[in-house]
Amino acid sequence: MKPILFNMTDGELEQFITGMSQPKFRARQIRDWLQRGAPTAAVMKNLPETLRRDLDAVAQMQPVRIVKKLESADGETTKFLLELADGEQIECVLMRTTYGNSVCVSSQAGCAMGCRFCASTLLGLKRNLTTDEIFAQILVAQWELRGDAMRDRPVRPNGDPNNNDVSHIVIMGTGEPLQNTENVIGFMERANREMGIGWRRITLSTCGVVPGINDLIKWGRPINLAISLHAPTDELRDQIMPINHKYKIADVMAAADAFTALHNRQLMIEYILLGRRDQDGETVLFNATQQHAEKLAQLLTGKNCMVNLIPWNAVDERDFASPSGNAVHRFQDTLIKSGVHTRIRRERGTDIGSACGQLRLNSARGK
Ligand code: SAH
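Residues numbered from 1 in each chain as written. Predicted model: local features only at pLDDT ≥ 70, side-chain atom pairs only at ≥ 80, totals over all residues. Heavy atoms only, no water.

Once that is clear, we can look at the sheet that holds strand β1 (residues 64-71). Note on sheets: strands pair through backbone hydrogen bonds, and any given pair is parallel or antiparallel. Strand order across the open sheet formed by ten strands is β1-β2-β3-β4-β7-β8-β9-β10-β13-β14, with mixed pairing between neighbours. Unpaired on one side and paired on the other, β1 and β14 (341-344) mark the two borders of the sheet. The sheet shows a mean angle of 25 degrees between the axes of neighbouring strands, taken without regard to direction. In the sheet, strand β7 (residues 166-171) pairs with strand β8 (residues 202-206) via three bridges, with the strands oriented parallel. When the bridges of β8 are listed, Ile171 appears paired with Leu204. Strand contacts of helix α10 (residues 325-337): β10 (267-273), β13 (305-311) and β14, with the helix running at about 165 degrees to β14, the strand carrying the most contacts. (Pairing = 2+ DSSP bridges. Helix = DSSP H or I, 4+ residues; strand = E, 2+ residues; numbered from the N terminus. Axes fitted to C-alpha atoms, helices over the stretch in contact; angles between N-to-C directions. Contact = heavy atoms within 4.5 Å.)

Written out as structure tokens, the structure reads:
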């Protein structure tokens, strides 16, 4: 396996470069390119051509390599299938929004959580990603946005939609971030320090790993927390999310409340609306009836939270169906009438990505 320059410390990189009979200052130039997401040495314009060729022959620049890049028809969403040094594949998504450029990163190769509606967990967990491997995903997006164009200023958080920098991060890709808490925290620290991405522009989504939420409380940074709830009662949640056998809804909500109270932040609740097909092929609501909406409203009334209703992305292997638009709107109305802030999540890039984790799954199956 070739050495990965991005993973080296400044000292190691300097040693590597002087070992190739190059002056020290080249290490700094190379670091600058790596930090902008340069995928190869070939693009490093201020290096001599022979050095660029030699470097690409003996080393890999980034810990991830793009295997596939898909663009949505509206040009807003780019989805990447990336390969790690050991051949594992992960996905990340760049979303150009009105409030900035948001990147959805994966925290694990695969997932052990076993949620019944999700594609990411179908092949189980392969391994945790390192801090470098998570960080490299936002550099892929950064390179996509800006490439080798010179920056007129250092990367800064900025809501300006014309800004060509990554401004927001959502940790909602493959994997359960709170099963890899140390590396995920290391990643957030780095994104904040090296890319200038503010804590309030980072959102971490968890299926409800209570000790991990407590670790975030101890860590003390005011990021946004999202809980994948998907059911208003333990009885129902037990059927679709195995983690619920370990941490019950009341425990998860208590930990989440402690987190949001500490930082005075709004809690995000994710709720996929699921149906099932009966024998006649009709869709029967699974967690999306009027009663479910009322139970959810009871659970959330009085909390500082926002419910994101998520249309289910169809996964062939999974035995669910998407409810009709009417059912979704009725569910939302019930919540809103009870005073619970709710919005329906816009689907992005469905034309390219299919469901979460589906690219990786198809790739593993040689499709
Ligand atoms: N493990 C973390 C983060 C990754 S999943 C978590 O559970 O929050 C990110 C979000 O996508 C979760 O809310 C998850 O439940 C949801 N999700 C998974 N599969 C999906 C699908 N097929 N369609 C829509 N959302 C899905």
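Now that the structure has been shown, we can carry on.
Next up on the list: the domain arrangement of the chain. Each assigned domain of the chain is listed with its residue range as follows: domain 1 (5-58) and domain 2 (67-365). Taken over C-alpha atoms, the centre of domain 1 sits 35 Å from the centre of domain 2. Between domain 1 and domain 2, the residue contacts involve eleven residues of the former and eleven residues of the latter. In total, domain 1 and domain 2 occlude about 990 Å² of area from one another, counting both sides; carbon and sulfur atoms represent 56% of this. Considering only the side of domain 1, the residues that lose the most area to domain 2 are Phe6, Gln35 and Arg36, jointly responsible for 63% of the buried surface there. At the junction of domain 1 and domain 2, the tally comes to zero salt bridges. Tallied by class, residues from the side of domain 1 that touches domain 2 come to six nonpolar, three polar and two charged. (Domains from an automatic or database assignment. Buried area = accessible area lost by both parts, 1.4 Å probe. Salt bridge = Lys/Arg side-chain N within 4 Å of Asp/Glu carboxyl O. Nonpolar A, V, L, I, M, F, W, Y, C, P; charged D, E, K, R; others polar.)

To continue, consider the layout of surface pockets. The space that makes up the second largest pocket amounts to roughly 270 Å³. If you go around the second largest pocket, you meet 17 residues; those closest to its centre are Pro39, Gln62, Val64, Arg65 and Ile66. If you list the elements that add at least two residues to the lining of the second largest pocket, you get β1 and α4 (131-146). Ranked by the residues each element gives to the lining of the second largest pocket, the list is headed by α4, at five residues. By residue class, the composition of the lining of the second largest pocket is nine nonpolar, four polar and four charged. In this structure, the lining of the second largest pocket is formed jointly by two domains, domain 1 (5-58) and domain 2 (67-365), each of which donates at least three residues. (1 Å grid on protein atoms, 1.4 Å probe; cavity = no way out; pocket = protein on both sides within 12 Å on 5 of 7 lines; lining within 4 Å. Points joined across faces, edges and corners; volume = space filled by probe spheres on them.)

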